[in-house]
Amino acid sequence: MDNTIASTLYVVGNINVDLIMSTLSDWPKRGTEVMLKHSELRPGGSAGNCALALEAMQVPHRAIANQGDDGFSHWLASHFPHSAAHWPRYACETSLTVGVTHPDNERSFLSNHGHITVLTADDVLAQLPLQATPGDIVLLCGTFLCLELYDHYPALLAELQQRGFCVAVDTGWPPAGWSDGLRLEMGNWLADCDWLLLNEVEALGLAGADLLEQSGKRLAAQLSGRGGCVIKCGAEGARLWSAASVQFAAGQPVTVVDTIGAGDSFNAGFLTALLYRQSSLSALHWGIEVASQAISSSPRRYPSWQQLQLSNEVR
């Protein structure tokens, strides 16, 4: 591994405030109140979770976002000191998500619109180099939540490719669900996407398929051909479909503490491996290792990229 790497991972999209409440067994009746034993206020969103993991892992990165102008704005920006000085400010409230966890470790989310919905393609491009350094990666997160940005995805991805970036996308789940119209829209830009990072239900929904194997193959065929489609399968591990091969890495047995942001932590590990010129199979293992440590620790713990390199050598 090249320890003097000059490449950077740019994480773009939904950085917002998360209020995590636990544990809720049953939804309360309207007009009543329920007391929960635990709450935590923390920076979040798919892009936020990934950027925080990269910071802890000591990986060269920048968080590309915007901010509102209410009482949460300064607090949120303070968690991203190396990036937030470049964020444009909008006269709107900060995007906030309330995450409610359930006894089976599943969770439900309630979110407002806020600042992430007005992030523009111009905002993003202004925070990126006009020409990528070889190996630079841009990860676009929260695709369907960044409403203004999503409207310009075809032009944005084409411009990122023109500037020489490797482009990865984690779409998340569309609030209105998948439809043929949405799949057709995405067909206008998937060819400019190198890596697609999805969970199982997202992959099945986007592909419009019943089987994971069919979904992975179908989605990989729509991409640029320079990367592939990664499907995160939770405790089972992760799979990757590319033009060259199909690969699988098994999950790690861990005691789960908090699953929120597991996929975002995986993204951080997977793309860090690519940044450091590791193989795609190693990238799957790195993603699983980072996610496994994140969901089994409180406060959250992440391996450094040096530790991940050592695990490569052991494996």
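Per an unreviewed UniProt entry, the recorded name for the protein chain is Sugar or nucleoside kinase, ribokinase family, and the organism is Candidatus Pantoea varia.

Draft legend 1. Quick look at the environment of Gly205. For Gly205, the location among the structural elements is in helix α7 (residues 200-207). Assessed through its relative accessible area of 12%, Gly205 is described here as buried. Along the sequence, Gly205 and Gly48 sit 157 residues apart, while their C-alpha atoms lie 24 Å from each other. What Gly205 contacts, discounting residues up to four positions off in sequence, is Trp178 and Arg183.

Draft legend 2. The sheet that holds strand β4 (residues 61-64), seen in detail. Read across the open sheet, the 8 strands follow the order β4-β1-β7-β8-β9-β10-β11-β12; overall the sheet is mixed. Edge positions in the sheet fall to β4 and β12 (246-250), since each has one partner strand and no second. The sheet shows a mean angle of 15° between the axes of neighbouring strands, taken without regard to direction. Alignment of strand β1 (residues 9-12) against strand β7 (residues 137-141), held across 4 bridges, turns out to be parallel. Residue pairing across strands places Val12 opposite Leu140, the latter belonging to β7. With respect to the sheet, helix α8 (residues 212-222) is in contact with β9 (195-199), β10 (228-232), β11 (237-242) and β12, its orientation differing from that of β11 by roughly 45°.

Parameters and conventions
- Residues numbered from 1 in each chain as written.
- Predicted model: local features only at pLDDT ≥ 70, side-chain atom pairs only at ≥ 80, totals over all residues.
- Heavy atoms only, no water.
- Helix = DSSP H or I, 4+ residues; strand = E, 2+ residues; numbered from the N terminus.
- Buried < 20%, exposed > 50% of the residue type's maximum accessible area, 1.4 Å probe, protein only.
- Contact = heavy atoms within 4.5 Å.
- Pairing = 2+ DSSP bridges.
- Axes fitted to C-alpha atoms, helices over the stretch in contact; angles between N-to-C directions.

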